[in-house]
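Inside the fold
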Amino acid sequence: MRLHKRLAFMLVVVPVVAGGAARTGTAQPAGTSPSVASGDQAAEVARLKDEIERLKALMPDQSHVMKDVAYRFSNLWFAGQAQNWPLAGFYLNETRSHLGWAVRTRPVRRTTTGEIDLRGILDGMDRSLLAGVQKTIEARDPATFAKAYRDALSGCYACHQASEKPYLRPRVPDAPEGRMIEFLPSRSGS
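Below is a summary of the structure that appears in this document.

What counts, and at which threshold
- Residues numbered from 1 in each chain as written.
- Predicted model: local features only at pLDDT ≥ 70, side-chain atom pairs only at ≥ 80, totals over all residues.
- Heavy atoms only, no water.
- Helix = DSSP H or I, 4+ residues; strand = E, 2+ residues; numbered from the N terminus.
- Buried < 20%, exposed > 50% of the residue type's maximum accessible area, 1.4 Å probe, protein only.
- Contact = heavy atoms within 4.5 Å.
- Axes fitted to C-alpha atoms, helices over the stretch in contact; angles between N-to-C directions.
- Parallel < 35°, antiparallel > 145°, perpendicular 65-115°, else oblique.
- Nonpolar A, V, L, I, M, F, W, Y, C, P; charged D, E, K, R; others polar.
- Expected span 1.5 Å × (residues − 1).
- Pairing = 2+ DSSP bridges.
- Core = buried A, V, L, I, M, F, W, Y, C linked by side-chain atoms within 4.5 Å.

**Let's talk about the overall build of the chain**
The helix and strand inventory of the chain stands at six helices and two strands. Tracing the chain from N to C terminus, the helices and strands come up as α-α-α-α-β-β-α-α. In the chain, buried positions account for 29% of the 190 residues. Intrachain contacts of the chain at a sequence separation of at least 6 include 62% that bridge at least 24 residues.

**Comments concerning the packing of helix α5 (residues 118-139) against helix α6 (residues 142-162)**
Contact pair α5 / α6: the axes reach a minimum separation of 8 Å and the direction vectors enclose 170 degrees. In terms of orientation, α5 and α6 fall into the roughly antiparallel class. Residue-level inspection shows Leu 118, Ile 121, Met 125, Leu 129, Leu 130, Gly 132, Val 133, Thr 136 and Ile 137 of α5 in contact with α6, the latter providing Thr 144, Phe 145, Ala 148, Tyr 149, Asp 151, Ala 152, Gly 155, Cys 156 and Cys 159. For the contact of α5 with α6, a count of residues per class yields 13 nonpolar, four polar and one charged.

**Structural notes on helix α4 (residues 85-105)**
Helical geometry note: an α-helix holds 3.6 residues per turn, so side chains three or four residues apart project in the same direction. Between its terminal C-alpha atoms α4 stretches 30 Å, which fits the 30 Å expected from 21 residues at 1.5 Å a residue. All buried positions along α4 are accounted for by Trp 85, Leu 87, Ala 88, Gly 89, Tyr 91, Leu 92, Thr 95, His 98, Leu 99, Gly 100, Ala 102 and Val 103. Of the surrounding elements, those touching the buried residues of α4 are α3 (62-81), α5 and α6.

**Notes on the packing of α4 against α5**
Relative to each other, α4 and α5 sit at 180 degrees, their axes nearing to 11 Å. Taken together, the axes of α4 and α5 lie roughly antiparallel to each other. Between α4 and α5, the residues in contact are Trp 85, Ala 88, Gly 89, Leu 92, Asn 93, Arg 96, Leu 99, Gly 100 and Val 103 and Leu 118, Arg 119, Leu 122, Asp 126, Leu 130, Ala 131, Val 133, Gln 134, Thr 136 and Ile 137, respectively. Its residues assigned to classes, the contact of α4 with α5 comprises 11 nonpolar, five polar and three charged.

**Considering the pairing of strand β2 (residues 114-117)**
Pairing geometry for strand β1 (residues 108-111) and β2, over four bridges, is antiparallel. Within β2, the position partnered with Val 108 by the bridge is Asp 117. As consecutive antiparallel partners, β1 and β2 are separated by two residues.

**Considerations on the nonpolar core**
If you look at the biggest cluster of nonpolar residues, it comprises 30 residues, and the most contacted ones within it are Leu 76, Val 133, Ile 137 and Phe 145. When residues of this core are traced back to their parent elements, those giving at least two are α3, α4, α5 and α6. Examining the composition of this core, we find that eight residues originate from one element, α6, more than from any other. Not counting the four nearest positions on each side in its chain, Leu 76 is found in contact with Ala 88, Tyr 91, Leu 92, Val 133, Ile 137, Phe 145 and Tyr 149.

This is the structure in structure tokens:
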């Protein structure tokens, strides 16, 4: 921690913890005038804004994150087809996690008809369609798994359509994304 941050911490937080009262923003390190401290604050705010913009530029875009979703959702299909239910559960949880990441990356999408809040779409899909896939995994039922998976794909496509991206039509994969993953369950039953 820089010296001025430590001093500010001590001048603001320590009296409060000790039962005293300190007003936020009025404490100044000894030997500094109010104008110098506010100049330092303005410089620090500008530096932090620059850092935020730099970090934003490093973030992957939503299409990159959705490629990760596709990888996991594709492998989910093959794990379910092989009746490797622990692996299917793993890929479903990974799919959910990465869908959340995709929505955090871009929570609102602007369309020609207005804004689409992807958080609400994901929440609804997670509580209905993905929960349905979860139930079939827990039931270890390959027939209902296949239907629930296809229903989830339809939900994905509905989101793409609402986002004015109808050309992104997901389908049941014909080959796994992860070719190095063994989809057959191990002989030990795990």
